[in-house]
Amino acid sequence: MATIEECRSALDKLSDTMQRAEGDVRDAAALDRSVSCHITDLDVTFVGRMRGGRIAVHDTVPGPPPGRAEIRLAMAGDDLVALVGGELHFAKAWGSGRVKLHAGVRDLLQLRKLL
């Protein structure tokens, strides 16, 4: 089972990857939205903001998200690490229910370029 530190590191790596993106992916990464990522097996949520092509994690809180972020993810820690490491494909994980993503329709259309 992935640790909180490994999950945080995976989010930092994702942020770095988004920062280096080009074309349509860079446009999608440039959204300015509140973000939460609930790690279900650790029952912890990373809360932050996606802005300027990066994800800035502002807080780590116990339990589910304390508020309703504009983009909300939920998954096991191992799945987060595998997604960021390229070992798990987002569409397959989302389709099987291993990853949950909630966002507005416009944001989902933009995010599909990223994921």
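Since this is a predicted model, take the numbers as computed values, not measurements. (Residues numbered from 1 in each chain as written. Predicted model: local features only at pLDDT ≥ 70, side-chain atom pairs only at ≥ 80, totals over all residues. Heavy atoms only, no water.)

**Focus on the overall build of the chain**
Next, step 1: In terms of helices and strands, the chain carries five helices and five strands.
Next, step 2: Along the chain, helices and strands appear, N-terminal first, in the series α-α-β-β-β-β-α-α-β-α.
Next, step 3: Taking 2.2 N^0.38 as the reference for a compact globule, 115 residues should give roughly 13 Å; the C-alpha atoms of the chain span a radius of gyration of 13 Å, in line with that estimate.
Next, step 4: With respect to the three principal axes, the spread of C-alpha positions in the chain is 35 × 30 × 25 Å.
Next, step 5: Of all 115 residues assigned to the chain, the portion counted as buried reaches 38%.
Next, step 6: Long-range contacts, defined as pairs at least 24 residues apart, comprise 57% of the intrachain contacts of the chain with a sequence gap of at least 6.
Next, step 7: As displayed, the chain offers around 6600 Å² of accessible surface, 53% of which is attributable to carbon and sulfur atoms.
Next, step 8: Of the side-chain charges in the chain, 16 are positive and 16 negative, and the distance between the mean point of each set is 7 Å. (Helix = DSSP H or I, 4+ residues; strand = E, 2+ residues; numbered from the N terminus. Rg over C-alpha atoms; globule rule 2.2 N^0.38 Å. Buried < 20%, exposed > 50% of the residue type's maximum accessible area, 1.4 Å probe, protein only. Contact = heavy atoms within 4.5 Å. Areas by Shrake-Rupley, 256 points an atom, 1.4 Å probe, with all protein chains shown as cover. Lys, Arg positive; Asp, Glu negative; His and termini not counted. Charge placed at Lys NZ, Arg CZ, Asp CG, Glu CD.)

**Considerations on the packing of aromatic side chains**
Next, step 1: Here the structure, examined in full by the defined rule, presents one aromatic pair.
Next, step 2: Aromatic pair F90 and W94: ring centres 6.2 Å apart, planes at 20°, arrangement stacked. Taken together, the residues span about one helical turn, with F90 and W94 both in helix α4 (residues 90-96) at a distance of four residues. (Phe/Tyr/Trp six-rings, centres within 6.5 Å; stacked < 30°, edge-to-face > 60°.)

**Some remarks on helix α3 (residues 77-84)**
Next, step 1: Of all the eight residues making up α3, six are buried; the element is thus mostly covered by neighbouring parts of the structure.
Next, step 2: Those residues of α3 that sit buried are G77, D79, L80, A82, L83 and V84.
Next, step 3: The elements touched by buried residues of α3 are α1 (4-19), β1 (33-39), β4 (71-75) and α4.
Next, step 4: Immediately downstream of α3, the backbone of G86 shows phi near 85°, a positive value.

**Focus on the UniProt feature "coiled-coil region" (unreviewed entry) in the chain**
Next, step 1: Under the feature "coiled-coil region" (unreviewed entry), the UniProt entry names residues 4-31.
Next, step 2: Helix makes up 82% of residues 4-31 and strand makes up 0%, while its end C-alpha atoms are separated by 26 Å. (UniProt positions renumbered as here; feature names shortened; annotations may be inferred.)

**Describing the packing of α1 against α3**
Next, step 1: Across the interface, α1 lies against α3 with an axial gap of 9 Å and an inter-helix angle of 30°. With respect to α3, the element α1 is oriented roughly parallel. Crossing of α1 over α3 shows left-handed handedness. Between α1 and α3, the residues in contact are E6, C7, A10, L11, K13 and L14 and G77, L80, V81 and V84, respectively.
Next, step 2: Residue composition of the contact of α1 with α3, by class: seven nonpolar, one polar and two charged. (Axes fitted to C-alpha atoms, helices over the stretch in contact; angles between N-to-C directions. Parallel < 35°, antiparallel > 145°, perpendicular 65-115°, else oblique. Left-handed = near helix turned anticlockwise from the far one by under 90°. Nonpolar A, V, L, I, M, F, W, Y, C, P; charged D, E, K, R; others polar.)

**Observations concerning the environment of L114**
Next, step 1: Mapped onto the fold, L114 is located in helix α5 (residues 105-114).
Next, step 2: C-alpha of L114 to C-alpha of D24: the two residues are 90 residues apart in sequence and 8.2 Å apart in space.
Next, step 3: Residues in contact with L114, not counting those within four places in the same chain, are M18, V25, A28 and A29.

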